[in-house]
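Close look at the chain arrangement
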Amino acid sequence: MAFPTETVYGLGASAFCPPAVEKIFIAKGRPASNPLLVHVSNFKQVEDIAREITPSARLLMDNFWPGPLSIILPARDNVPDIVRGGKDSVGLRMPSHPVALALIEQAGPLAAPSANLSGRPSPVTAGHVKNDLDGRIAAVLDAGATGLGLESTIIDLSNGRFRVLRRGGIPVEELEILLGEKVEVNLSASEQFVHYQTSTRVVLAGNKEEFQKCLEELQSGLKLGVVIYDNYSNGLCSLYEFSNQLKIYELDLETTNNKLYSILRDAEAEGLDVLLFCPLPLDLTGTASSWADRIRQAASKFA
Ligand code: TXA
Ligand code: MG
């Protein structure tokens, strides 16, 4: 069953029921080697799942849970192989969405990836879930749009180091402040950094000149959308703003505003051929750098 969290919708099954978990992989078309995060609602469950909870792990949990941080720890043997994707570790997350917490409190720990077809943008509404998975899953628990619209940050503590595998809802800088040291970011260490498949071609302009060139080339005969960033892209689109061939989307990189994945799916629904993203500002920090990762991910095929 799909359910809301404060980040994106998840597709959940009891973490200790391998046949139910298998159905998640089938519904999503997800490779068996890609492990699932286990969603918990209390610390007793964490102790039943993680073999070791280091002081740093405890510190992170005390500060950021419930909330958009997933922590990878050594797994106990009783955590089914299918959940761990065959690894020795397991990812744990305590969501802050009241519906998610109530569900886990009733059902026990839930193994849950984002509720999209494998390789597609994460769903931030029940409608997005149905778009991808209607007829493939039992139900969607609809609680409206999720709050952040950006997945959890993933930190791997399973081998004595601090390593971020995915930027997300909790900025890396906040982890570093709490842990009192620099945290390595290694996005390619996890299987998540794959290209998003959308029927609209997504292009990210590297700089202003490339943006203008793309805009001129793509204008002719194609249905084009442009994404501008509030505070950054002012002026870039002024010439074209009134062109009725062009759909303009605004995205504020500084806030967790639930918009990017909706824009990608809207572009598809509108039948746009190309969605052109303005050049990303340099030196982004905080959640803006998480959004930038996702934009690069959506456009990676055309880089
Ligand atoms: O915000 C979120 O984290 C959402 C909501 C539903 O909680 N969940 C989510 O799950 O984004 P998913 O499966 O779409 O992304 C989790 C990522 C996957 O790329 C997976 O490879 C990685 O976490 N992961 C999970 N367990 C891992 C482990 N033991 N070692 C390394 N990577 C792991
Ligand atoms: Mg996902």
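Anything mentioned here points back to the structure above.
My aim in this report is to walk through the structure given alongside it, one point at a time. (Residues numbered from 1 in each chain as written. Chains lettered and ligands numbered in written order. Predicted model: local features only at pLDDT ≥ 70, side-chain atom pairs only at ≥ 80, totals over all residues. Heavy atoms only, no water.)

1. Quick word on the nonpolar core
Residues L60, W65, L69, I71, L92 and I155 are the most contacted members of the largest nonpolar core, which totals 44 residues. When sequence neighbours within four positions are dropped, the list of residues in contact with L60 reads W65, L69, I71, I155, L157, L175, L178 and L179. Core analysis: the second largest hydrophobic core is formed by 39 residues, V227, I228, L251 and L253 among them. (Core = buried A, V, L, I, M, F, W, Y, C linked by side-chain atoms within 4.5 Å. Buried < 20%, exposed > 50% of the residue type's maximum accessible area, 1.4 Å probe, protein only. Contact = heavy atoms within 4.5 Å.)

2. What about the side chain of R93?
Within the secondary structure layout, R93 lies in strand β6 (residues 89-93). For R93, a relative accessible area of 2% translates into the label buried. Of note is the side chain of R93, whose polar atom sits 3.0 Å from the side chain of E6. Not counting residues up to four positions away in its chain, the partners in contact with R93 are T5, E6, T7, V38, H39, V40, W65, G67, P68, L69, S70 and S152. (Helix = DSSP H or I, 4+ residues; strand = E, 2+ residues; numbered from the N terminus. Polar contact = N/O pair within 3.5 Å; in protein donor to acceptor, adjacent residues only side chain to side chain.)

3. Focus on the sheet that holds strand β12 (residues 224-229)
Pairing within the open sheet is parallel, and its 4 strands lie in the order β11-β14-β12-β13. Looking along the sheet, the strands with just one partner apiece sit at the ends: β11 (201-204) and β13 (246-251). When the angles between neighbouring strand axes are averaged without regard to direction, this sheet yields 20°. Note that β11 and strand β14 (residues 274-277) share 4 bridges and pair parallel. In the sheet register, V203 faces β14, and the bridge partner there is L276. This element, helix α9 (residues 260-269), spans β11, β12, β13 and β14 of the sheet and lies at about 165° to β13. (Pairing = 2+ DSSP bridges. Axes fitted to C-alpha atoms, helices over the stretch in contact; angles between N-to-C directions.)

4. Focus: the site of ligand 1
If you check the shell around ligand 1, you find 26 residues, and the closest are T7, N34, H39, R93 and S152. T7 is positioned with one of its side-chain polar atoms (N or O) 2.7 Å from an oxygen atom of ligand 1. Looking at the shell around ligand 1, the elements with two or more residues in it are β4 (37-39), β6 and β9 (163-166). Taken together, the residues that form the shell around ligand 1 break down as 11 nonpolar, 10 polar and 5 charged. (Near = heavy atom within 4 Å. Nonpolar A, V, L, I, M, F, W, Y, C, P; charged D, E, K, R; others polar.)

5. Description of the pattern of salt bridges
Taken as a whole and assessed by the stated rule, the structure comprises 16 salt bridges. In this structure, E6 and R93 form a salt bridge, with 3.0 Å as the shortest nitrogen-oxygen distance. Of this pair, E6 sits in the loop between β1 (2-3) and β2 (10-11) while R93 sits in strand β6, and the two are 87 residues apart along the sequence. Across the pair K213 and E217 runs a salt bridge whose closest N-O atoms are separated by 3.8 Å. Taken together, the positions of K213 and E217, both in helix α8 (residues 208-219) and 4 residues apart, correspond to about one turn of that helix. This pair shows no difference in class: K213 is exposed, exactly as E217 is. Through salt bridges that share partners, R120, D132, R265 and E268 make up one connected network. (Salt bridge = Lys/Arg side-chain N within 4 Å of Asp/Glu carboxyl O.)

6. Side note on the sheet that holds β6
Read from one edge of the open sheet, 8 strands run β3-β7-β4-β6-β5-β8-β9-β10, paired in mixed fashion. The open sheet has two edge strands with one neighbour each: β3 (13-14) and β10 (184-185). The sheet strands contacting helix α3 (residues 55-64) are β5 (69-74) and β8 (153-156), and the helix crosses β5 at an angle near 155°.

7. Quick notes on the packing of α3 against helix α7 (residues 172-179)
Following both chains from N to C, one finds α3 and α7 inclined at 125°, their axes separated by 11 Å at the closest point. Overall, the two elements α3 and α7 adopt an arrangement that is oblique. By crossing handedness, the relation of α3 to α7 is classed as right-handed. Of the residues in α7, those in contact with S56, L59, L60, N63 and F64 of α3 are E174, L175, L178 and L179. Of the residues that constitute the contact of α3 with α7, the class distribution is 6 nonpolar, 2 polar and 1 charged. (Parallel < 35°, antiparallel > 145°, perpendicular 65-115°, else oblique. Left-handed = near helix turned anticlockwise from the far one by under 90°.)

8. Observations concerning the environment of P31
Mapped onto the elements of the fold, P31 is located in the loop between α1 (18-28) and β4. For the pair P31 and S118, spaced 87 residues apart in sequence, the C-alpha separation works out to 8.3 Å. Apart from residues lying up to four places away in sequence, P31 is in contact with F25 and S118.

9. Concerning helix α6 (residues 126-133)
One turn of the α-helix equals 3.6 residues, which is why residues spaced by three or four share an orientation. Turning to α6, its buried residues are A126, H128, V129, D132 and L133. For α6, the angular spread of the buried residues around the axis is 155°, confining them to a single face. At its buried positions, α6 is contacted by β1, β2, α1 and α9. Directly after α6, the chain includes G135, whose backbone phi takes a positive value near 85°. (Arc of directions from axis to C-beta.)

10. Examining the pairing of β9
The sheet contact formed by β8 and β9 spans 3 bridges and is antiparallel. Residue pairing for β9: I155 is matched across the bridge by V164. Between the antiparallel neighbours β8 and β9 lie 6 residues, among them G160 with a positive phi of about 75°. Considered for its hand, the β-α-β crossover made up of β9, α7 and β10 is right-handed. (Right-handed = clockwise from strand over helix to strand, strands pointing away.)

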